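Structure assessment
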Amino acid sequence: MALKSKHLLGLKDLSAQEIKLILDTAGPMKEIIQRDIKKVPTLRGKLVVTLFYEPSTRTRTSFELAAKYMGADTVSIATSTSSVTKGESLRDTAQTLAAMGADAVIIRHSAAGSPVLLTRYIKASVINGGDGMHEHPTQALLDMFTIQEKLGRIEGLKVVILGDILHSRVARSNIWGLTKMGAEVRVAGPPTLIPKGIENLGVKVFYRVEEALRGADVINVLRIQRERQKKGLFPSLREYALLYQLTPERLRLAKPNALVLHPGPMNRGIEISPAVADGLQSAITEQVTNGVAVRMALLYLLIGGGN
């Protein structure tokens, strides 16, 4: 089986079989990462470009590592120091990348739909590294890979996504992916941070975190974006922490072996307590390793002969 498209623009358009293929391919890729010599020639001669219009550490670095571990050449374009600051359009940038012979372009952009726009001007595979408040598919894939690796399955699990659902592209991709893989998804947070009508995506909505956590198998804690606090969506960070922070006491409402995830970067002491972040049930550090493995799998499937 192969992926139907040469692009990864979101999980909304992927089938459960395609998601399973990516997760199954990530397993052998993780074995490569754990070797003393982390190199295979799978993508030798290929050029992978990271094009980030927003700051990123984990996503950009893990894509670059994934490409290098498989022998590809990489180019990182930081738009703050590129011709974009001189007014170059996304179309012009795409045509420049095409002229360079890029085989894959990973794009992060503040405008939803930018990866789709990029596919119109470039023949290379385009991977969405996060677009506005739309999707962040590779983060959701690494979250699902971590769940599957730790708990042995996704189907039938109760997964809580806790925090700022309204502005989170991570939440949207996780909802699409997890529901397709048979999980029960619960979203929890202040009413002002829960999108209206989100239950139409097949999730259960909770405004009291304690109710959402009862019997949960996985808790995926989202970063509270401090810049949103200025818009008055919740009274204060202190009050948010009091009502919604994942603390050891609240974690005990979930199943004894419940898994704790966080896409990072964390606001310790706000959405998650340090004791939980560094506790035995936390897989936050492993998510970073798994992110490289999942992105290796994607690059292989899209430009390495797997598609």
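Predicted model, so just to flag it, every value in this text is computed and none were measured. (Residues numbered from 1 in each chain as written. Predicted model: local features only at pLDDT ≥ 70, side-chain atom pairs only at ≥ 80, totals over all residues. Heavy atoms only, no water.)

**Remarks on the UniProt feature "binding site: carbamoyl phosphate" (unreviewed entry) in the protein**
UniProt tags Arg58, Thr59, Arg108, His136, Gln139, Gly264 and Pro265 as "binding site: carbamoyl phosphate" (unreviewed entry). Its place among the elements puts Arg108 in strand E3 (residues 104-109). Along the chain, His136 falls in the loop between strand E4 (125-131) and helix H5 (137-151). A residue is classified by how much of its surface remains accessible, and His136, at 5% relative accessible area, is buried. When sequence neighbours within four positions are dropped, the list of residues in contact with His136 reads Thr59, Arg108, Gly129, Gly130, Arg169, Val170, Ser173 and Arg295. (UniProt positions renumbered as here; feature names shortened; annotations may be inferred. Helix = DSSP H or I, 4+ residues; strand = E, 2+ residues; numbered from the N terminus. Buried < 20%, exposed > 50% of the residue type's maximum accessible area, 1.4 Å probe, protein only. Contact = heavy atoms within 4.5 Å.)

**What about the sheet that holds strand E1 (residues 47-52)?**
Pairing is parallel in the open sheet, where four strands are placed in the order E2-E1-E3-E4. Two strands close off the open sheet at either side, each with one partner strand: strand E2 (73-78) and E4. Shown here is a sheet whose adjacent strand axes are inclined to one another by a mean of 15°, direction ignored. Summarising the sheet, E1 and E2 pair through six bridges and their orientation is parallel. Directly across from Val49, in E2, lies its bridge partner Val75. Along the sheet, helix H3 (residues 90-100) makes contact with E1, E2 and E3, crossing E1 at roughly 165°. (Pairing = 2+ DSSP bridges. Axes fitted to C-alpha atoms, helices over the stretch in contact; angles between N-to-C directions.)

**Let's talk about the domain arrangement of the protein**
Split into domains, the protein comes out as domain 1 (7-135 + 288-304) and domain 2 (137-286). Each of domain 1 and domain 2 has a C-alpha centre, and these two points are 25 Å apart. At the interface, 36 residues of domain 1 touch 28 residues of domain 2. When domain 1 packs against domain 2, the two sides together hide about 2,500 Å² of surface, and 63% of this comes from carbon and sulfur. Contact with domain 2 buries surface across domain 1, with Leu11, Leu23 and Met133 losing the most and accounting together for 26% of the total. Viewed at the interface, domain 2 and domain 1 are joined by two salt bridges. A salt bridge links Lys30 to Glu149; the shortest N-O distance between them is 2.9 Å. Between domain 1 and domain 2 we count 15 residue pairs in polar contact (both at pLDDT 80 or more) in total. Among the elements that make up the side of domain 1 that touches domain 2, the one with the highest residue count is helix H1 (residues 16-33) (nine residues). Its residues assigned to classes, the side of domain 1 that touches domain 2 shows 15 nonpolar, ten polar and eleven charged. (Domains from an automatic or database assignment. Buried area = accessible area lost by both parts, 1.4 Å probe. Salt bridge = Lys/Arg side-chain N within 4 Å of Asp/Glu carboxyl O. Polar contact = N/O pair within 3.5 Å; in protein donor to acceptor, adjacent residues only side chain to side chain. Nonpolar A, V, L, I, M, F, W, Y, C, P; charged D, E, K, R; others polar.)

**What to know about the pattern of salt bridges**
Under the criterion given, the structure shown has 13 salt bridges. Close ionic contact of Lys20 with Asp24 constitutes a salt bridge, the shortest N to O distance being 2.7 Å. Taken together, the residues Lys20 and Asp24, both in helix H1 and four residues apart, mark about one turn of the helix. Since its relative accessible area comes to 38%, Asp24 is described here as partly exposed.

**Description of the packing of H5 against helix H6 (residues 169-180)**
Relative to each other, H5 and H6 sit at 55°, their axes nearing to 8 Å. Classified by the angle between their axes, H5 and H6 sit oblique to one another. Here the hand of the crossing between H5 and H6 comes out right-handed. Facing H5, whose interface residues are Pro137, Gln139, Ala140, Asp143, Met144 and Ile147, H6 presents Val170, Ser173, Asn174, Gly177 and Leu178. Split into classes, the residues belonging to the contact of H5 with H6 amount to six nonpolar, four polar and one charged. (Parallel < 35°, antiparallel > 145°, perpendicular 65-115°, else oblique. Left-handed = near helix turned anticlockwise from the far one by under 90°.)

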